Amino acid sequence: MQCNSEKDDSNEVNIMPSEHNGTTSETKHADSRDVHSAEENQKSTIDPNLYLYDDDLETRPHISTFISSIANYENTIPAATDPDAKPSPPSARMGTLIGVFLPCIQNIFGVILFIRLTWVVGTAGAVCGFLIVLTCCCVTMLTAISMSAIATNGVVPAGGSYFMISRSLGPEFGGAVGMLFYTGTTLAAAMYIVGAVEIVLTYMAPWASIFGDFTKDAEAMYNNFRVYGTILLLFMGMIVFLGVKFVNKFATVALACVIFSIIAVYVGIFDNIHGNEKLYLCVLGKRVLKDIPIENCTKEDPLLFDLYCPDHKCDDYFQNHNVSRVKGIRGLASGVFYDNIWPSFLEKGQFISYGQDSVDIENLGGQSYNQIMADITTSFTLLIGIFFPSVTGIMAGSNRSGDLADAQKSIPIGTICAILTTSTVYLSSVLFFAGTVDNLLLRDKFGQSIGGKLVVANIAWPNQWVILIGSFLSTLGAGLQSLTGAPRLLQAIAKDEIIPFLAPFAKSSKRGEPVRALLLTIVICQCGILLGNVDLLAPLLSMFFLMCYGFVNLACAVQTLLRTPNWRPRFKFYHWSLSLLGLTLCISVMIMTSWYFALIAISMAIVIYKYIEYRGAEKEWGDGIRGMALTAARYSLQRLEEGPPHTKNWRPQILVLSKLNDNLIPKYRKIFSFATQLKAGKGLTICVSVIKGDHTKISNKAVDAKTTLRKYMTDEKVKGFCDVLVAQEIGEGLSSVIQTIGLGGMKPNTVIIGWPYSWRQEGRNSWKTFIQTVRTVAACHMALIVPKGINFYPESNHKIGGNIDIWWIVHDGGLLMLLPFLLKQHRTWRNCKLRIFTVAQIEDNSIQMKKDLKTFLYHLRIEADVEVVEMNNSDISAYTYERTLMMEQRNQMLRALDHHYDAIKTASKVRFADPTIEEIQNHDSHNEEKRNSIDSDGPESSETPDITSNKDESTEKADGNLKSTVKPDEFNVRRMHTAIKLNEVIVEKSQDAQLVIMNLPGPPREVRAERESNYMEFLEVLTEGLEKVLMVRGGVFRLENSAFTFETMDAPQEGNIDAESCNEIDDDKSNSDCQSMPAYMNSVLRRQFLQQMVKSLPAGVQNRLTVLKNLQLEQLSLEAEFFEEVYKLEKKYQLKYQPMFEKRKEIIVGTVDPAVESPKWKEPESLSIDGEVGDHIRESLKNTKRMPEDAKGIPDFWLTVFRNTPTLSEMVQSHDEPAMRKLTDIVIKYDNEHSYFLEFHFDKNEYFSNTVLTKQYFLKSTVDPDDPFAFEGPEIYKCKGCVINWEKKMNLTVKTIRKKQKHKERGAVRTIVKQVPTDSFFNFFNPPEVPSDKEEIDDESRQILATDFEIGHFLRARTIPKAVLYYTGDIVDDEDDEDEEEYENEEEEYDEDENEGGGPPAGGRNKTSGGNKKQSPNDCPNQ
């Protein structure tokens, strides 16, 4: 390095300027020396071995520095500092015993151990009591295991469970759990205070009662607790406010009291192994008594006799039972354990007695005297809730993680050892108490039978005051710890800034104390004290602790299952199944204990979660929920890629291509509003802009543009994503975006691009980019939406009324129908009406088109007015020629100018021939080829001027030549004629519409400037005079009854033959082969073809066919006789069926309640309903109205049958249901005229006075001599309904509408009320009349009758005989689903069969006659 330095110095000397070089030169070299010297000084601080990384070390720390910062990491929450205060000495680091084990012991052992455990054991018994304690201990142990895993995964931050959960599950869960834990800790302080007051008033100083003798009035006792609890709370709050040091010192005293008290109890149990003569109970029969001195415990004693025999009328129970003395502390050697094994749960007001005999426990006399009664209703689950707070406190060690020397080691060991210790004490105490104390004394909650003494205290050695004083001090200490910890937890949550309204509580006093948080804690604690009852407080705070513990288990399970790289706990004895088991136990205990308290806690957590999600500050803590969301997103995207999406799941995923101006601001703001309105604020939307340039140079501009784009999306409430692409060419950038945007199955399928309004001014580049984008969208099988006049579109916060006009010119499968439907979901367009226009040619039947379109919309459940516009072939006007000529002249001028400009640029260089010269030479053959092609855009001009690329030719000369030689091309004239005619019609009909939606014609397939310019001109002419236009180019976007189905039609297909329709044929041979197959012909053509084919057969073959047809005729005559016999059999057996149908009616209406019967059939195995299907079924069952247990008969039987049958369910409208509920029976009756009646019997109702509604169907089963071979059996050819006597204003077949009309001259507004027909089941009884055979019947009536005949046959043959099977689901019409698919495949064939039957058969099942016979309605085969 010295050599290098010398070399550098020598170089520096060599470049030193001489004196005669001047001042400027000296200054320049002096600056150079300074820079060089600075670099040398900086490098001199770098280790010589690290010169290779000298640039990195300027921004990245050296490894030694980084490790030092990690080792010195402080995980405590810094307290508020006083600038004038002296620096505090370093805090002592605590070990496992002092820092975790003993604090957990102190917090777990609480007031419940001393004042409620004996009562829990006596009420639940030894077995159930042991299970209660074991369940609670299992919850805490499993939670401790999960907490240990979280606590050892990295450096443990101070703050305990709140910080562990929030950093594992995210701010929303963390905030919710933190608030629950804070509430639970605050209520725990209230419980400790009430418990301390109970110990003092009940067992130490009962004379201090303010409200009288509380042993006789429970409410007086609770009032005492409220008053003294409030006083004690204020005193303890003052202590916490004045000095936390006192609280910490008192904690040691309280812990010593707890440990000494427990030892005293264990010593006392073994000291009294043979019992204790100090305590005796006075027992009447089997009931325990209170307030009776043991020396007065005899039946003859005046004290007892006067109590039970006032006025010498003794209580029956007193007369029939003796009074005895029972030893209270019987000892382990007495065998009392066997008396305390089983539970003795009581309801409130029942007497405490031996056994469960109703004579002993029920208050039959109405007076309690001095017998002890249950003050609450007890159960196994309630006792779990009361006992559970005694096992809480396991977070005490983790709350002190900032003060631990090695938190990752101390927390797991200390917490688990503390739980094992306390669990052993609790479980052994259950057994020892059950084996030592008499059952009656165990169940005496307040010790009233022994003079108001504490049971545990009388077991302990050497004296009861050891337990009384120890339990009071320990309870007081636990309360102080809770009042100290809760405000600091609230302050920690507030400092995280995840709950905005808690911000004021983040501030500390000058001494660093959370005074504001302490005041709030005292207020909440006071609310708990006002409950005044430990038995009410315990289950409530159990909910909050259980929620907290459940979230700890959830956090561990989520992190373990996600297997995030950062999840590496040092504690290895955990498993996700244990965490899930702990979570399940927490939820189960919550629900079992008190479902309404559980709902309160869960509701509180949900409210806080949603509040943080909606208003809280955004925090990124690398939590597991974010990881879970990423995992779920990856899984969902992979699932979407498993196969093509089903048509029912298709929805527009929008890609908005936004153009930016020179200031990188979106040019058309309202395109974002339109995207919002189209998605109604939902769904995936991606907004992208493309900037021209080099990304490495203008990356900052891209970032700024993206920020602006995001701001516009936020302002217009577009929910989605945005991005900016930098590309060398705008067109190439747009093509790349369209091809690659999206991820997996979440790729956009619809593109919105603005109209290039300045395409004439900007020249070819403008329309080239637009047309190239249109082509790319089509090649990517995506839909395209081009809004024109976007600045006139409404804002998203406006509401408009008027019409949305859809001009359906070519079939795109229904995308034009979907767009207005989506727009009307948004409030802006909701009040608009839809009008659909379609164009009919001369050969089209416009009336039939309108009916078909109405039917189509009816099935789609879209309400719209329909109009068919007839466009007759007319001569091409002079205006059309003039517009075409102007368009082509403009193109030629632009082309000449381009070539002239190119020639000037390439002067003295190689000349290039004008491509139009070759075009003129080959024009004839080119036109011939184009006329035979399927390209709808046609060829270029038939005559073009002879323009060369001579660079010396002037622009003016070129212009003059153009005007003198150009003639309009024939195909351009035709296109212009179409555009002008369509525009005239659209402007006439839709000039005042709020929005006009129309098909966007396809772009020219040839990439030539003239063709593209003509295309843009045609679009301008097509939309002239319209303010707001939406041009749509979709694929084959089919509309189904249940979904919108999208396919692409723009991209050419690879195959040349469609096996079903032979639509695409490339060669003549294959075409002729396909057309020669009768199966691919329509019915009329097929019939004519086959008849001609038969005539061309040899005479002998024709004769054989004639004989076969004669035989067929004889067979048909016999078949007609067969059906006559079938009709007679049906009539005969219908009479036999009728008694069973009568019995069915009696059961349905409830006049007969049958005896219980077992099924006489074999039930099929039930199918599994797991997965999504099962979830859907269970959700549907939840929404189904439950039938009352005392229901009469089978309510709504026939209505349910109709609803369960797809064929019939469509007939019944929602407003029909009240009347249909009165339907009691449907009867079939035959007559002698080859007809049958359907009688609908109704109960008395408010809609009509008829009790029976009838429908008659007429059959024929003869062979028609005019068309004998069409016979297929009996046919319904006519039906007749009945008159319904409707009550006033109750007619269900009409609806009343009110319409406002405004007078044209006066401006007065009047309301017209009129009735119009509406859909109803009762239209079934008013069918169209069938005219004579010679008369014509219109197509609409034909379809109505065809459907009516089918329903009549279906009711007679299937529904009425098998009604109960339709009710129970044993019959399901599976063929309906197949019919829908067949119906879709046959949609396009209906028009071909029009000449035969007059429209598609209803349901695809009615018979159509053959030949040229004009049939009345379509006959329904009676099979």
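Residues numbered from 1 in each chain as written. Predicted model: local features only at pLDDT ≥ 70, side-chain atom pairs only at ≥ 80, totals over all residues. Heavy atoms only, no water.

*Asks:* It is not clear to me how the overall build of the protein chain should be interpreted in this structure. Could you clarify?
*Replies:* Helix and strand counts for the protein chain come out as 48 helices and 22 strands. Among the 1423 residues that make up the protein chain, the fraction classed as buried is 45%. Of the contacts made within the protein chain by residues no fewer than 6 positions apart, 76% connect residues no fewer than 24 positions apart. (Helix = DSSP H or I, 4+ residues; strand = E, 2+ residues; numbered from the N terminus. Buried < 20%, exposed > 50% of the residue type's maximum accessible area, 1.4 Å probe, protein only. Contact = heavy atoms within 4.5 Å.)

*Asks:* Explanation requested: the packing of helix 4 (residues 96-108) against helix 16 (residues 407-436) in the structure shown.
*Replies:* Angle between the axes and distance between the axes: these two values describe a pair of packed helices. Where helix 4 contacts helix 16, the two axes come as close as 8 Å, and the packing angle between them is 35 degrees. Once helix 4 is placed against helix 16, the crossing between them reads as right-handed. Here Thr96, Val100, Phe101, Cys104, Ile105 and Ile108 of helix 4 lie close against helix 16, whose contacting residues are Ser410, Ile411, Ile413, Gly414, Thr415, Cys417, Ala418, Ile419, Thr421, Thr422 and Tyr426. (Axes fitted to C-alpha atoms, helices over the stretch in contact; angles between N-to-C directions. Left-handed = near helix turned anticlockwise from the far one by under 90°.)

*Asks:* I keep staring at helix 26 (residues 695-715) and nothing clicks. Help me out?
*Replies:* Since the α-helix turns once every 3.6 residues, residues separated by three or four places project in the same direction. The largest bend along helix 26 reaches roughly 35 degrees and is located at Lys701. Those residues of helix 26 that sit buried are Ile698, Ala702, Ala705, Leu709, Tyr712 and Met713. On its buried face, helix 26 is in contact with helix 25 (670-679), strand 5 (685-692) and strand 6 (721-727). Directly after helix 26, the chain includes Lys717, whose backbone phi takes a positive value near 60 degrees. (Bend = angle between axes of the 7 residues up to and from the residue.)

*Asks:* How should I be thinking about the pattern of salt bridges in this particular structure?
*Replies:* Charged atoms that come close allow side chains of opposite charge to pair. For the coordinates displayed, the defined rule picks out 24 salt bridges. Note that Glu1027 and Lys1028 form a salt bridge whose closest N and O atoms lie 3.2 Å from each other. Given a relative accessible area of 45%, Glu1027 falls into the partly exposed group. You can call Lys1028 buried: its relative accessible area is 8%. Linking Asp1196 and Arg1221 is a salt bridge whose minimum nitrogen-to-oxygen distance equals 2.6 Å. Taken together, the positions of Asp1196 in the loop between helix 41 (1171-1183) and helix 42 (1197-1204) and Arg1221 in the loop between helix 44 (1217-1220) and strand 16 (1223-1230) put the pair 25 residues apart, joining distant regions of the chain. (Salt bridge = Lys/Arg side-chain N within 4 Å of Asp/Glu carboxyl O.)

*Asks:* Got a minute to help me understand the sheet that holds strand 1 (residues 280-284) in this structure?
*Replies:* Backbone hydrogen bonds are what pair the strands of a sheet, in a parallel or an antiparallel way. Pairing is antiparallel across the open sheet formed by 3 strands, whose spatial order is 2-1-3. Whereas interior strands pair on both sides, the edge strands pair on one side only; in this sheet they are strand 2 (287-288) and strand 3 (323-327). Of the strand pairs in this sheet, strand 1 and strand 2 are connected by 2 bridges, and their pairing is antiparallel. Counted as the bridge partner of Val283 is Val288 from strand 2. (Pairing = 2+ DSSP bridges.)

*Asks:* Can you help me understand the environment of Phe432 in this one?
*Replies:* The topology assignment puts Phe432 in helix 16. Overall, Phe432 belongs to the partly exposed group, its relative accessible area being 21%. For the pair Phe432 and Ala126, spaced 306 residues apart in sequence, the C-alpha separation works out to 9.4 Å.

*Asks:* Would you mind showing me how to read the packing of helix 8 (residues 171-204) against helix 19 (residues 464-495) here?
*Replies:* Orientation of helix 8 relative to helix 19, taken along the N-to-C sense of each, is 160 degrees, at an axis distance of 8 Å. Considering the angle they form, helix 8 stands roughly antiparallel to helix 19. Of the two possible hands of crossing, helix 8 and helix 19 adopt the one that is left-handed. Along the lines of polarity and charge, the residues of the contact of helix 8 with helix 19 split into 21 nonpolar, 8 polar and no charged. (Parallel < 35°, antiparallel > 145°, perpendicular 65-115°, else oblique. Nonpolar A, V, L, I, M, F, W, Y, C, P; charged D, E, K, R; others polar.)

Spatial relationships are all this shows, so hold off on functional conclusions.
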